[in-house]
Amino acid sequence: MVLRIGALSDSNLIARKLSPCRSVVCVSPGYLEINGTPETLAELKQHNCLYYSYFRAGIEWVFDGPNGIERIKPEGNIQVNNSEVLKQLMLDGVGIGQMPLFLVESELASGELVPILEQYHLPEHGIYAVYPQKAFMPAKLKVFLDFLEQKLNLKSQSW
């Protein structure tokens, strides 16, 4: 079994949605003190936007805001393929990033990171367990999936 976030391609595998996955555009207060706070998507062009290179939806950031669906290509000097590294760069004040809430919940609660552009909403994705189709699912897999679903849904409701 593997866990995947985002749209899944068709396959012979079973995909069980465990939880919604909401994301937020956030940044450290230190970055904002030095660089200012973008108030519109167009203003992001003047900022260092950090990019997660394995984002399956492509290089664009898609927002639903006051003017409907808008797309921007984040511009910045760093692309990483590890979300923990991306979060650390944001905490270090290197730039602005788009992160799943479950990865930055505690940092948002503590004020180490702050959300920006809250008038814009990012697409909601799903967190899926993907596993081979079997006539009889092992009991321990079913128990584990139920546990994950409960924990992820409790976490997604807390923010």
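Scoring rules and cut-offs
Residues numbered from 1 in each chain as written. Predicted model: local features only at pLDDT ≥ 70, side-chain atom pairs only at ≥ 80, totals over all residues. Heavy atoms only, no water. Core = buried A, V, L, I, M, F, W, Y, C linked by side-chain atoms within 4.5 Å. Buried < 20%, exposed > 50% of the residue type's maximum accessible area, 1.4 Å probe, protein only. Helix = DSSP H or I, 4+ residues; strand = E, 2+ residues; numbered from the N terminus. Contact = heavy atoms within 4.5 Å. Arc of directions from axis to C-beta. Polar contact = N/O pair within 3.5 Å; in protein donor to acceptor, adjacent residues only side chain to side chain. Phe/Tyr/Trp six-rings, centres within 6.5 Å; stacked < 30°, edge-to-face > 60°.

S.K.: Looking at this structure, I do not really get the nonpolar core. What am I missing?
M.R.: In this structure, L41, L44, W61, F63, I96 and I116 are the most contacted members of the largest nonpolar core, which totals 16 residues. Listed by contribution, the elements that provide at least two residues to this core are β3 (23–27), α1 (29–35) and β5 (61–65). Those residues in contact with L41 that lie beyond four places of it in its chain are F63, E70, I72, L117 and Y120. Core analysis: the next-biggest nonpolar cluster, separate from the first, contains 13 residues, L50, V80, L101 and V104 among them.

S.K.: Can you help me understand helix α2 (residues 83–91) in this one?
M.R.: Helical periodicity: at 3.6 residues per turn, an α-helix aligns residues three or four positions apart in one direction. Those residues of α2 lying buried are L86, K87, L89 and M90. In an axial view of α2, the angular spread of the buried residues amounts to 160°, which keeps them on one side of the axis. The opening residue of α2 is N82, an N-cap whose side-chain oxygen sits 2.8 Å from the backbone nitrogen of E84. A positive backbone phi angle near 80° is found at G93, which sits one or two residues after α2.

S.K.: Can you walk me through the environment of E105 in this structure?
M.R.: Tracing the backbone shows E105 in helix α3 (residues 101–110). Between the C-alpha atoms of E105 and V24, which are 81 residues apart in sequence, the distance is 10.0 Å.

S.K.: Just checking my understanding: could you explain the environment of E107 for this structure?
M.R.: Summarising the element assignment, E107 is placed in helix α3. Overall, the relative accessible area of 9% leaves E107 in the buried class. Ignoring any residue separated from it by four or fewer positions in sequence, one finds E107 in contact with K87, L91, E112 and L113.

S.K.: How do you make sense of the packing of aromatic side chains when you look at a structure like this?
M.R.: Both the distance between ring centres and the angle between the ring planes are used here to describe each pair of aromatic rings. Inspection of every chain in the model, using the stated rule, returns two aromatic pairs. An aromatic cluster is built from W61, F63 and Y120, whose rings are joined through pairwise contacts.

Distances and angles like these do not, on their own, reveal function.
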